[in-house]
Amino acid sequence: MTDTDRVRHRDTKTAFYLFTQQKLPACKPVLTPAWVITIFLFTGFIFIPLGLVTLRASRSVIEIVERYDTECVPEPFRIDKVSYIQDDSIPKNCSLFLKVHKYMKAPIYIYYQLDNYYQNHRRYVKSRSDQQLLNGQKYQATSSCQPVEFNNARPIVPCGLIAWSLFNDTFTFIRERAELKVNRKNIAWKSDRDHKFGKNVYPSNFQNGTLIGGGKLNPRIPLSDQEDLIVWMRTSALPSFRKLYGRIEEDLDADDVVLVQLMNNYNTYSFGGKKKLVLSTSSWLGGKNDFFGLACVFVGSSSLILAIVFMLLHLKFQRPYGDKTCLPWNRKSLSG
Amino acid sequence: MTIVGICSFFVEGQGSTAEEGAGTCEVVEIAASTRRRKMGMVRWSKLYSFACLRTSTYEPSAAQELIGQPGFSRVVFCNEPHRHKRKPYKYPYNYISTTKYNVLTFLPRALFEQFRRVANFYFLLAAVLSLASLAPLSRASLIVPLVFVVGISMLKEAVEDWHRFLQDLNVNNRTVKAHASNGEFVDKLWKELRVGDVVKVNKDEYFPSDLLLLSSSYEDGVCYVETMNLDGETNLKIKRSLEDTLSLNEDEEFGRFKATVRCEDPNPNLYTFVGNLEFENESHPLSPAQLLLRDSKLRNTDYVYGVVIFSGHDTKAVRNSTRSPSKRSRVERKMDHIIYLLFSMLLLVSLVSSIGSSLLMKHDMDDWWYLQLPDDNKVPDLEGSDSKKEDLVKVLQAMLINKDIEMYDEAACKSVQARTSNLNEELGQVEMILSDKTGTLTCNQMEFRKCSIAGISYGGDTTEVDLAASKRMNADFEACQFSIGESDRISQSFEVSNFSAEKAVLGCPEVQDNANKGISRLSRTEEESVIKGFNFRDDRLMNKNWIHRSSLLEITMFFRVMALCHTGIPIEDDKIDKLRYEAESPEEVAFLIASQEFEFQFCRRTQSVMVLKEFDPSGKEVERYHFKVIFREYKLLNLLEFSSSRKRMSVIVSNEDGQIFLLCKGADSIIFDRLADNGRTYEQATTLHLSNYAEDGFRTLAFAYRIVEAAEYECWNTAFTKAKTTVGPEREELLEKASEMIEKDLILLGVAAVEDKLQKGVPECIDKLAQAGLKIWLLTGDKRETAINIGFACSLLRQDMKQFHLSLSREAESNNQVKAMKEEILHQIENSYKVMCEERNKEAPFALVIDGKAFEIALRGDVKDEFLQLAVNCASVICCRVSPKQKALITRLVKEYTGKTTLAIGDGANDVGMIQEADIGVGISGMEGMQAVMASDFSLPQFRFLERLLIVHGHWCYQRISKMVLYFVYKNVAFGLTLFYFELYTSFSGEVLYDDWYMTMFNVLLTSLPVIALGVLEQDVSSDVCLQFPALYQQGPRNVHFKWSRIIGWILNGVVSSLVIFLANIYILSPSAYRQNGYVADISSLGAITYTCIIWTVNCQIALITSHFTWIQHLSIWGSILLWYIFLVLYGALPPYLSGKAFHVFIEEIGPAPLYWMVTLLVVIVSLLPYFIHIVIQRSFNPMDDHIIQEMKYCFRKDDVTDNQTWIREQRNSQRSTRIGFSARVDAKIVIQRTVASKETINL
């Protein structure tokens, strides 16, 4: 920098000059006790109401959870459930009675829940081909789908482990002998239907021959309309997960009994996974989960307590602000 | 290596100064009077009678035999450079390069340098693993950050090297007159010079390469050379051409000049040279006296002719320079350990993962039919996320340091340069400063300051310390008054203190000036004398007023001694009246200038006559204050030279009346011993003045004279002449004895005090540094007296200090028995230590003064530890007469023994070793010569900038870097562990919760800007406050910000944050729906939500760390968070096969969910809560220094004056703990004066 530059900079006090001289205007917040207490109080006053509101929302959700994997295996087969489920000759239908405790307002969401099912396993997650799902057989490079890439030397559409292991239990809901109206459309994200699964892509060579895993797909329906598949293909993050099955579009009254007729096709027995059926209403917050509300209330109340504790401490052991005795040189002289 | 050479030379050099007295005029007689020469020109060689002139007897016969042997095979065809274009005589051009890399080697070497760093290597490892197909992350996401980080570091290296290149370019493009043909000399670039070129170097020019001296502007072929760049010695050295080439002293002579030099091969020994010159069919042996070394400078000689013998990288100076070792700061070294720690954590995590994975594989996974044949073994993920944004930050920091206008030297138009940016934070941890003297603390310029003539002191009575002390006491008194509340008694000084107090609290830039008002007296910068070398103000003597003084005789004699007793000569100047002078030592110049100012102008010197233009007070008064000026000739009869053993110098002159005077000047003790009984009239008063002058750090010389009877003189002269003509070892002794005979019965005139002028602001700077708790050692090649003077001037020493002197007695030195010497030193050390233990309780500080010889012994194996222990316990240490090698050695020993961070500062090539050895090397770039700067890590134009560099920038940088590194650790732990927790939920399969590009962006974009802002702009307190409370600096040496406990604390904080983030997310978002329309969270939405929490948490965490928010910090912190959302939207808008998990995730899935936003809020608050509670507790109950000062500064701003008083008082309190420095001295003085005062009151 030349001399004249410097002079000019000095004169103008530009932002750049201030920056290079590290003299930009700055605010330097200092944590005074007043600030601390205010912050704690503020946190408390935010979180306690928030927690209460969300708890209320969560409590307003009615949820019926019914585990059916064991019950739906007939008594004689319970010793060897695996062979039962793998035996195609045995009919898999099963009935459940669900008792409604409280009035449930439509829409009532139907979920199936699987536990101890590692949809998030790396090998599993990777085993799909987004390009193929969108473009069908036109897209050839499906090596990521291995080991479910080809069958009988022909490509599988949709390929990969995820599609192959499609969940295939089915549920019908009957109340007082009338079948409840279940809407199974729009259970998948719209973007998936529109952008990830091709409208002109039809399943082919799927679940043929020896390579039979989970559910089958209707080869005449394009993938973009196979919403069960689309939901299933959204792999879950945790080994215990729910997936949307459909919506009951009728209200259920308290003490109603719903008969669920289900086909118990899906094999969770070989790895000890649980299967559950969940009926749940929803609030603005989503499903029933008290954790968030409780956590908020906890955090809010503990910051209130902290605020009080600090206030007391501050009153008792008040350190004068900018206390000189704490400065190192003064401390030194005290200790001699 | 070179050190040996330097050492051996040094011993010689010492010898030579000791023998100065012996060097007499005979040598010069060679100069034949037949040669044409300007009339009136004095023989310089006669005046500059240096001892190294014992030349003609030098016969390097044994060495001559070697020529032509291996190692001595160089052949130079003088004046025929074209013959050196072909082998075997092909030598390099005179082009030098100090760059580390060139275009070709840059890539491999810089890469190698990069991956030598643990962090980068670790990164590389991760990237290599990513290339293996097993890794969970995409290759790009691991390699991109690596390339980014390494790229930045390499860019930094490249820029630094580019600067070196430019510097080289500058040197290479200097021009010199070189012989073209037919005696014509043309300008030639340095880099184009070849071996064999004949060059003409003019006065005050540097030699472009190693030259063989052919002839000079002096007819006897001598020239004077300043070798400050090579060995730091400021006195001139004489070089002498061979007699046979003397005739070559005109341009035309070189048309047909041809000769051949056969000499040794290039080597780094500065002080040896073997070769011979074949000229006119005769062979002449060459010696080092004919070799002019590159980087030295021609002085006092109009021009010389020389032949290039060694060029470019063959020159001895270049061979001597070592590549500066790459230094790493303490924080950085500690960071390696942290990386090891993190790495082992990672290994542990990986181990757990793999064991878990394999166990699961064995037992359960066979049953997981949906995975089909899960038999491939998975390597768990490596969280490659430790980034080195540090480098970028450090470069920016260095830029800001360079740009600091407070450290800009207006005079030299130079600013501070951080030459390596690796060591910024080390600046904040320095505990010991090793400083060179000449050129660093002092300007190597003498000023006439005070004098005491006939028992009256002129030029100001009180010392600076007294002044400051009385001022301070006054201020204390006022402050005291105020606190009592007697505010009605308003005095003027009260107003002054009040005013400065206000300013101090407002924190405006003028604070510095006002707060230091007491000290600023000390700096004579404002009252810079107009006349160089003369800084004397006393109306009693100036403007010819001395003629009205009563002791006129003494005063005239005093001035006459000053004007006659020297070896200088005048040089015509442009100005009409005033002359400039050149003399052997700067002191003499100062005296000559002073005498000129007092109208005793020394105007001419011939071999035997000295002419003074005197002002004659006895003459008639022509007009008021216009007296007659007369020229007086004094016949110079004898000159008894100065030598370090004699410590005095005399001239014997006779005036026009034939009266013979002996005029003598010398060290006070020596002169006082030789006074006649009737010459002691003023001894007592003078002694008092002497001690005053000494306390101010002035160098004093006593002046005396005697009138010699003609008969006595004749008698003595015969004896003296006899002694002079004696040849043999006893000659010196005889001369000394002869001198003693006449230098007796002197009459004391007075003393003169010259100041070895300190550089601007040096005492204040040392004062501040001392208050900051730094120890300052002075390492100088000068003699002890000078060093002690400077010690006083810089307030490193003071009168009430207990001084320990370690030196060897004369006998031991002459016997040269190592064992005896060792015992002697050991004895001295033990004695000193005993004294120290006894007086430990008293407040008096200790000082250690040690000289080079004693030093050499003290640094030997068994004495070393005891010496260092003693030295470390002393408040100040002054080492005099140390060689460059010893400087380097002591630096290393101190560094190793104490384990403290050392900073070495120097300006000359003799400091290079020390600069390279110390943790931080600082070069002064104000003076000429670049060696020290080239070797240094930081270069300053002046010493005083060290204060700001350390106390402000060092403090800041240390804080910034340690905060930053800790934050890095935190950030990566907090982020990385969430990945690990997720592993636990994926049966250790290695699946990652986040999209690859989220992870890549994490360190590259989403969290890096606030870190950079923190690292570059964070300030705990402003620069003014740093300077007002130098004690704050102690945070660095005590390493409060980077203790292991802190590091562990931050890691734990990271663990807590990661736990909160992960657990809260999975418990809140799973398994039930998180949106009103019943959708559940899958891996992509959960990943995006968790990641949002992380981004918020780490960015808010840095907002908690930051204590200084400018708009840049705000922009970077909140901008980073915003950037994440923007990134998420943009990335999600890409087609699904590109955007992966992020496809439409924000717009469609998580964005509309209220829970998403609320989770973010909750998680951020909860994960920051532990840290927040920690800082609240720390601030409230165990505050750190900077906290309190922040509070004082920012909470009391609006309050009234009482607090301003406290501000000032605290400022003063903070200074009390030091023992050296000006303030401490003033304090000590106050204590003494108070005790005296109290005693007086008791007596009353």
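Residues numbered from 1 in each chain as written. Chains lettered and ligands numbered in written order. Predicted model: local features only at pLDDT ≥ 70, side-chain atom pairs only at ≥ 80, totals over all residues. Heavy atoms only, no water.

### Some remarks on the overall build of chain A
Here is the rule we go by: The helix count covers DSSP runs of H or I at least four residues long, the strand count covers runs of E at least two residues long, and both are numbered beginning at the N terminus. Every residue pair with non-hydrogen atoms within 4.5 Å of one another is taken to be in contact. Using a 1.4 Å probe, accessible areas were evaluated by the Shrake-Rupley method; residue-level cover was limited to the displayed protein chains.
From N to C terminus, chain A includes 11 helices and 11 strands. The contacts of chain A with a sequence gap of at least 6 include a subset with a gap of at least 24, amounting to 81%. In the structure as shown, chain A presents an accessible area of about 15800 Å², 58% of it carried by carbon and sulfur atoms.

### Focus on the pattern of salt bridges
To keep it simple, the criterion reads: Note on definitions: salt bridges are taken to be side-chain nitrogens of Lys or Arg within 4 Å of carboxyl oxygens of Asp or Glu. Exposed residues in this analysis have more than 50% of their type's maximum accessible area, buried residues have under 20%, and partly exposed residues fall in between, with area computed by a 1.4 Å probe over protein chains only.
Scanning the entire structure with this criterion turns up 39 salt bridges over all chains. The partner of Arg74 of chain B in a salt bridge is Asp314 of chain B, and the shortest N-O contact between them spans 3.5 Å. Taken together, the positions of Arg74 of chain B in strand S1 (residues 74-78) and Asp314 of chain B in the loop between strand S13 (303-310) and helix H8 (316-320) put the pair 240 residues apart, joining distant regions of the chain. Asp314 of chain B carries the same exposure label as Arg74 of chain B, and that label is buried. It is possible to trace a salt-bridge network through shared partners that takes in Asp192 and Arg234 of chain A together with Asp1082 and Glu1149 of chain B.

### Section: a nonpolar patch on the surface
To keep things clear, this is the line we draw: Like charges within 9 Å and nonpolar side chains (Val, Leu, Ile, Met, Phe, Trp, Tyr) within 5 Å are joined into patches, using only residues over 30% in relative accessible area that form no salt bridge.
A contiguous nonpolar surface patch, about 330 Å² in accessible area, is contributed by Phe291 of chain A together with Leu1059, Leu1063 and Tyr1067 of chain B. For the nonpolar patch, the leading source of residues is helix H34 (residues 1044-1069) of chain B, giving 3 residues. With respect to the helices, strands and loops of the structure, Leu1063 of chain B is situated in helix H34.

### Observations concerning the UniProt feature "domain: P-type ATPase C-terminal" (unreviewed entry) in chain B
Heads up, the rule is: UniProt positions are given in the numbering used here, feature names are shortened, and annotations may be inferred rather than shown by experiment.
Under the feature "domain: P-type ATPase C-terminal" (unreviewed entry), the UniProt entry names residues 933-1183 of chain B. With 72% helix and 1% strand, residues 933-1183 of chain B has its two end C-alpha atoms placed 41 Å apart.

### Details of the packing of aromatic side chains
Heads up, the condition is: Note on aromatic contacts: the rings of Phe and Tyr and the six-membered ring of Trp form a pair at centre separations within 6.5 Å, being stacked when their planes are under 30 degrees apart, edge-to-face when over 60 apart, and tilted otherwise. Only lysine NZ and arginine CZ atoms are considered, and such an atom sits over a ring when it is within 6 Å of the ring centre and within 35 degrees of the ring normal.
Overall, the coordinates contain 64 aromatic pairs over all chains when judged by the stated rule. On the numbers, 5.1 Å between centres and 40 degrees between planes, the contact of Phe77 of chain A with Tyr84 of chain A is tilted. Through successive ring pairs, a cluster of aromatic residues spans Tyr112, Tyr117, Tyr124, Phe167, Trp232, Phe241, Tyr266 and Phe271 of chain A. Over the ring of Tyr84 of chain A we find Lys92 of chain A, and its NZ or CZ is 5.5 Å from the ring centre. Looking at Arg74 of chain B, its charged tip hangs above the ring of Tyr91 of chain B, at a distance of 3.9 Å from the centre.

### Some thoughts on the sheet that holds strand S4 (residues 198-202) of chain B
Hydrogen bonds between backbone groups are what pair the strands of a sheet, and the pairing can be parallel or antiparallel. Residues and elements named next belong to chain B. Rules: Two strands qualify as a pair provided that DSSP identifies no fewer than 2 bridges between them.
On the basis of which strands lie adjacent, the open sheet formed by 6 strands has the order S3-S2-S4-S13-S5-S11 and antiparallel pairing. If you trace the sheet from one side to the other, it starts and ends with strand S3 (184-189) and strand S11 (291-292), each paired once. Taken together, the 6 bridges between strand S2 (residues 175-181) and S3 define a ladder with antiparallel strand orientation. The residue bridging His179 from the neighbouring strand is Phe185, located in S3.

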